[in-house]
Amino acid sequence: AQQPPDSCQTFCRCLEAAKTVKCVDGNLTAVPSDLPPYVRTLFITGNRLARLPAGAFPAQRLPHLSALNLSDNHLRAVEAGALASLPALRQLDLSGNPLVSLSPLAFGEEGGSPLEELVLRGALRDQGVLLSLAAMLQSGTLRNLSRLELADNGLLLLPAGMFTALPSLRQLDLSNNSLVGLRNVSFQGLGQLQSLDLSGNSLGVLRNGTLSQFRSLPALRRIALGHNTWVCDCAIEDLVAWLKESDQVEGKEALTCAYPEKMLGKALLKIDSSDLDCSVPIDLPSQLQTSYVFLGIVLALIGAIFLLVLYLNRKGIKKWMHNIRDACRDHMEGYHYRYEINADPRLTNLSSNSDV
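Per an unreviewed UniProt entry, the protein chain is named TPBG protein, and its organism is Jacana jacana.

Right under this line is the structure:
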């Protein structure tokens, strides 16, 4: 089991009629080198591959492989070119692997991949892998992707512009993470998006910018928002208004407040303005910015008045400066005169009290 098997039948079940090969729980450390060329669906799961190097799949040997399941293999690295020799690959499942390295060039450098479905459930625990995935998606290599599953990864924030180069995306699953906000997430360009799952996160509010993006997506018909920690203060008014008018949200009647305590369990759809405590400003950064602008205006006005006073009194100030200069000059001449007297050896015998 420590070497690539010499025969497909050694560690795998090869089902020619179904065009399927299953290499399950066989302690494989590398992809079998003699997989049959007829295979369309390949399961290599529950093994110990550790890494997927360049050329892991024999070049031109698997021209019909369209579905590849590599879940739960203890994979830590998917290297550049590892999946480049699979011209028909449409579905890839890397779930349950503790990835620490995912090359943006895993599908090769030239052209785009035909991949349509990518499942990474529980495989993006490392922040560096998330950034590598974002680079891969933004490069345009996966422009044919229609389904992307990123559930169960503990994600807090998503890289900006992560989904902007996925024009064919129809289903996006971000459920069961720890997302606290979507401010830097752009859904622009996802004109084909039909389903968005944001359930099981830590969202406290959705801002107007995000809601406007949802409204602008013509195909978006299903948004899942259940099991989030909605904060029911003044900032949630826009979300509540959108929920009441939108038919995109699945099970919106079950959405309830998590904070503050007095609103705990209250349905979002039943909230009105009288329920919210708006006595405390909710947009502190904007208020601070306004205060700074006002302070700058006041300081500029004081500076202008000061310069105007100086200008109007320029003659008096000039005379005053001349008087100070003359006084300083006389004072310094007095010091100089005394120094010359004290330094003259001819006067050493004179009394210090004499009138010179």
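Moving on from the coordinates now.
*Asks:* Give me the overall build of the protein chain: which residues, what numbers.
*Replies:* Helix and strand counts for the protein chain come out as six helices and 16 strands. Expressed as a percentage of its 356 residues, the buried residues of the protein chain come to 40%. Considering only contacts in the protein chain between residues 6 or more positions apart, those separated by 24 or more positions represent 64%. In the structure as shown, the protein chain presents an accessible area of about 19900 Å², 54% of it carried by carbon and sulfur atoms.

*Asks:* I'd like a description of a nonpolar patch on the surface, backed by residues and values.
*Replies:* On the surface, Phe-306, Leu-307, Leu-310, Ile-317, Trp-320, Met-321 and Ile-324 cluster together into a nonpolar patch covering about 690 Å² of accessible area. Counting residues per element, the ones that place at least two in the nonpolar patch are α5 (284-312) and α6 (314-343). In terms of residue count, α6 provides more of the nonpolar patch than any other element does, four residues in total. With respect to the helices and strands, the residue Leu-307 is situated in helix α5. For Leu-307, a relative accessible area of 55% translates into the label exposed.

*Asks:* An account of the pairing of strand β2 (residues 20-24) is requested, with residue identities and associated values reported.
*Replies:* In this structure, strand β1 (residues 13-15) lies alongside β2, joined through three bridges in antiparallel fashion. Among the inter-strand pairings, Leu-15 is bridged to a residue of β2, identified as Thr-20. A loop of four residues connects β1 with β2, the two strands running antiparallel in sequence, and Lys-19 in this loop sits at a positive phi of about 55 degrees. Bridge count between β2 and strand β3 (residues 41-45): five bridges; the pairing is parallel. Among the inter-strand pairings, Thr-20 is bridged to a residue of β3, identified as Thr-41.

*Asks:* Pulling in residues and values, what's your account of the side chain of Ser-195?
*Replies:* By the element assignment, Ser-195 lies in strand β12 (residues 195-197). Contacts of Ser-195, omitting those with residues within four sequence positions, involve Arg-170, Gln-171, Leu-172, Leu-220 and Arg-222.

*Asks:* Give me the packing of helix α3 (residues 208-216) against helix α4 (residues 237-245): which residues, what numbers.
*Replies:* Any two packed helices are characterised by the angle at which their axes cross and by the distance between the axes. Relative to each other, α3 and α4 sit at 20 degrees, their axes nearing to 10 Å. As judged from the angle between their axes, α3 and α4 are roughly parallel. The two elements α3 and α4 meet at a crossing, and its hand is left-handed. Mapping the contact onto sequence places Asn-208, Leu-211, Phe-214 and Arg-215 in α3 and Asp-238, Leu-239, Trp-242 and Glu-245 in α4. Of the residues belonging to the contact of α3 with α4, the class tally is four nonpolar, one polar and three charged.

*Asks:* Go over α4, please, and point to the residues and values.
*Replies:* All of the buried residues along α4 are Leu-239, Val-240, Trp-242 and Leu-243. Seen end-on, α4 carries its buried residues on one side only, within an arc spanning 165 degrees. Here the buried face of α4 lies against α3, β13 (222-224), β14 (230-231) and β15 (249-250).

*Asks:* Residues and numbers for α3, please.
*Replies:* Looking at α3, one finds that the buried residues are Thr-210, Leu-211, Gln-213 and Phe-214. Down the axis of α3, the buried set is contained in an arc of 155 degrees. They therefore lie on one face. As for α3, its buried residues are in contact with β12, β13 and α4.

*Asks:* With reference to specific residues and values, describe the confidence of the model for the protein chain.
*Replies:* Interpreting fine coordinate detail is not advised for predicted regions of low pLDDT. In this model, the protein chain carries an average pLDDT of 87, and 88% of its residues clear a pLDDT of 70 or more. For the stretch residues 1-6, pLDDT sits under 50, and the model shows 16 contacts to residues farther than four places along the chain or on other chains.

*Asks:* How would you explain the sheet that holds β3 if you had to name every residue and give the values?
*Replies:* Spatially, the eleven strands line up as an open sheet ordered β1-β2-β3-β5-β7-β9-β10-β11-β12-β13-β15, and their pairing is mixed. Strands with a single pairing partner mark the edges of an open sheet, and in this sheet they are β1 and β15. With three bridges joining them, strand β10 (residues 147-149) and strand β11 (residues 171-173) adopt parallel strand pairing. Counted as the bridge partner of Leu-148 is Leu-172 from β11.

*Asks:* If you had to explain the packing of aromatic side chains to someone new, which residues and values would you point to?
*Replies:* Aromatic ring pairs are described here by two measures, namely the spacing of the ring centres and the angle between the planes. Under the definition given, this model contains two aromatic pairs. Taking the centre distance of 5.6 Å and the plane angle of 50 degrees together, the rings of Phe-187 and Phe-214 count as tilted. Within this pair, whereas Phe-187 is found in the loop between β11 and β12, its partner Phe-214 is found in helix α3, the two being separated by 27 residues in sequence. Here Phe-187 matches Phe-214 in class, with each residue buried. We note Lys-22 situated over the ring of Phe-43; from NZ or CZ to the ring centre the distance is 5.8 Å.

*Asks:* Pulling in residues and values, what's your account of the sheet that holds strand β4 (residues 51-52)?
*Replies:* Taken in spatial order, the three strands of this open sheet run β4-β6-β8, and their pairing is parallel. What marks the edges here is a single partner per strand, and that holds for β4 and β8 (101-102). Where β4 meets strand β6 (residues 77-78), two bridges bridge the pair, whose relative direction is parallel. Looking at β6, one finds that Leu-52 is bridged to Val-78.

Rules and cut-offs
- Residues numbered from 1 in each chain as written.
- Predicted model: local features only at pLDDT ≥ 70, side-chain atom pairs only at ≥ 80, totals over all residues.
- Heavy atoms only, no water.
- Helix = DSSP H or I, 4+ residues; strand = E, 2+ residues; numbered from the N terminus.
- Buried < 20%, exposed > 50% of the residue type's maximum accessible area, 1.4 Å probe, protein only.
- Contact = heavy atoms within 4.5 Å.
- Areas by Shrake-Rupley, 256 points an atom, 1.4 Å probe, with all protein chains shown as cover.
- Patch = residues over 30% accessible without salt bridge, like charges linked within 9 Å, V, L, I, M, F, W, Y side chains within 5 Å.
- Salt bridge = Lys/Arg side-chain N within 4 Å of Asp/Glu carboxyl O.
- Pairing = 2+ DSSP bridges.
- Axes fitted to C-alpha atoms, helices over the stretch in contact; angles between N-to-C directions.
- Parallel < 35°, antiparallel > 145°, perpendicular 65-115°, else oblique.
- Left-handed = near helix turned anticlockwise from the far one by under 90°.
- Nonpolar A, V, L, I, M, F, W, Y, C, P; charged D, E, K, R; others polar.
- Arc of directions from axis to C-beta.
- pLDDT = per-residue confidence, 0-100.
- Phe/Tyr/Trp six-rings, centres within 6.5 Å; stacked < 30°, edge-to-face > 60°.
- Lys NZ or Arg CZ within 6 Å of the ring centre and 35° of its normal.

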